[in-house]
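# Understanding the architecture of this molecule
These are the residues of each chain, in order.
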Amino acid sequence: MFGIGGFELFLILLFGFLLFGPDKLPAMAKTLGKAIGKFRNAQEEMNKVIKNEVYDPDSDEPFKNPLDVMEKAADAGKKAANGASKAVSSASKAVSQATHSAPSKAASQQPRTVAKQESFSERKARYDRERAAKQAADAEKAEAAKQAALAAADEKSTEAATPAAAAPASAAPAANQSASSEAKGE
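In this text, all values refer to a predicted model and were calculated from it rather than measured experimentally.

The subject of this paragraph is the overall build of the chain. Counting its regular elements, the chain contains five helices and zero strands. Each helix and strand of the chain, ordered N terminal to C terminal, gives the series α-α-α-α-α. Taking all 186 residues of the chain together, 8% fall into the buried category. Of the roughly 15,500 Å² of accessible surface on the chain, a fraction of 63% belongs to carbon and sulfur atoms.

Looking at where E118 falls in the secondary structure, it is placed in the loop between α4 (105-109) and α5 (120-185). Here R126 takes part through its side chain, which lies 2.6 Å from a polar atom of the side chain of E118.

Let us now look at the pattern of salt bridges. Taken as a whole and assessed by the stated rule, the structure comprises four salt bridges. Across the salt bridge formed by D128 and R131, the nearest N and O atoms sit 2.9 Å from each other. Note that D128 and R131 are positioned in helix α5 at a spacing of three residues, about one turn of the helix. The class for R131 is partly exposed, based on a relative accessible area of 46%. Here the residues in one salt-bridge network are E118, R126 and E130, joined through shared partners.

Below, the discussion takes up a nonpolar patch on the surface. A surface patch of nonpolar side chains, amounting to about 730 Å² of accessible area, comprises F7, F10, L11, L14, F15, F17 and L18. With respect to the secondary-structure elements, L14 resides in helix α1 (residues 6-20). Taking relative accessible area as the criterion, L14 reaches 35% and is therefore assigned partly exposed.

Here we come to the confidence of the model for the chain. Per-residue confidence for the chain averages 76 on the pLDDT scale, and 66% of its residues sit at or above 70. Across the chain, the element-wise mean pLDDT spans from 51 in α4 up to 88 in helix α2 (residues 25-54).

With that settled, consider α1. Counted at 1.5 Å a residue, the expected span for α1 with its 15 residues is 21 Å, and the 21 Å between its end C-alpha atoms agrees. Note on α1: the residue one or two positions beyond its end, G21, has a positive phi of about 90°.

Procedures and definitions
Residues numbered from 1 in each chain as written. Predicted model: local features only at pLDDT ≥ 70, side-chain atom pairs only at ≥ 80, totals over all residues. Heavy atoms only, no water. Helix = DSSP H or I, 4+ residues; strand = E, 2+ residues; numbered from the N terminus. Buried < 20%, exposed > 50% of the residue type's maximum accessible area, 1.4 Å probe, protein only. Areas by Shrake-Rupley, 256 points an atom, 1.4 Å probe, with all protein chains shown as cover. Polar contact = N/O pair within 3.5 Å; in protein donor to acceptor, adjacent residues only side chain to side chain. Salt bridge = Lys/Arg side-chain N within 4 Å of Asp/Glu carboxyl O. Patch = residues over 30% accessible without salt bridge, like charges linked within 9 Å, V, L, I, M, F, W, Y side chains within 5 Å. pLDDT = per-residue confidence, 0-100. Expected span 1.5 Å × (residues − 1).

Right under this line is the structure:
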């Protein structure tokens, strides 16, 4: 192991024991073991990348240019970023249109362009404002629908009351006519 014999390893462990003490050596060994494990995992991952991305035994030129692979990965990353930014901008436009259609003053006073990189707290505050504006617009729509339903119910009750009042009035002349005809018939 690393060209170290058994006696040299024993001396290293002895000096480590004398320098750090018996209580810290297990923790140091654990940390060293984790570091070696991470190094081995990174090495295996690099070997997989080389085998899958760089080396192609079936082609005329078995070794690919790693710069071409990196450029392809960078292009794919840029395309994904552009697609994500387009999706974000379309969603932002939809939210902007929804909030601009609401008659809320607070929503119309807020700037909708995000020119600089905003922090998490700024983005969260912006989303909270947009959510509050949307909830206010929904509440206003619900209130308008409720008012319309009440107006329709009032109109129906007025229509229902009008024929009922007209029916007894028309029944009264009919009753008068029948009573007068009975009186003539006697």
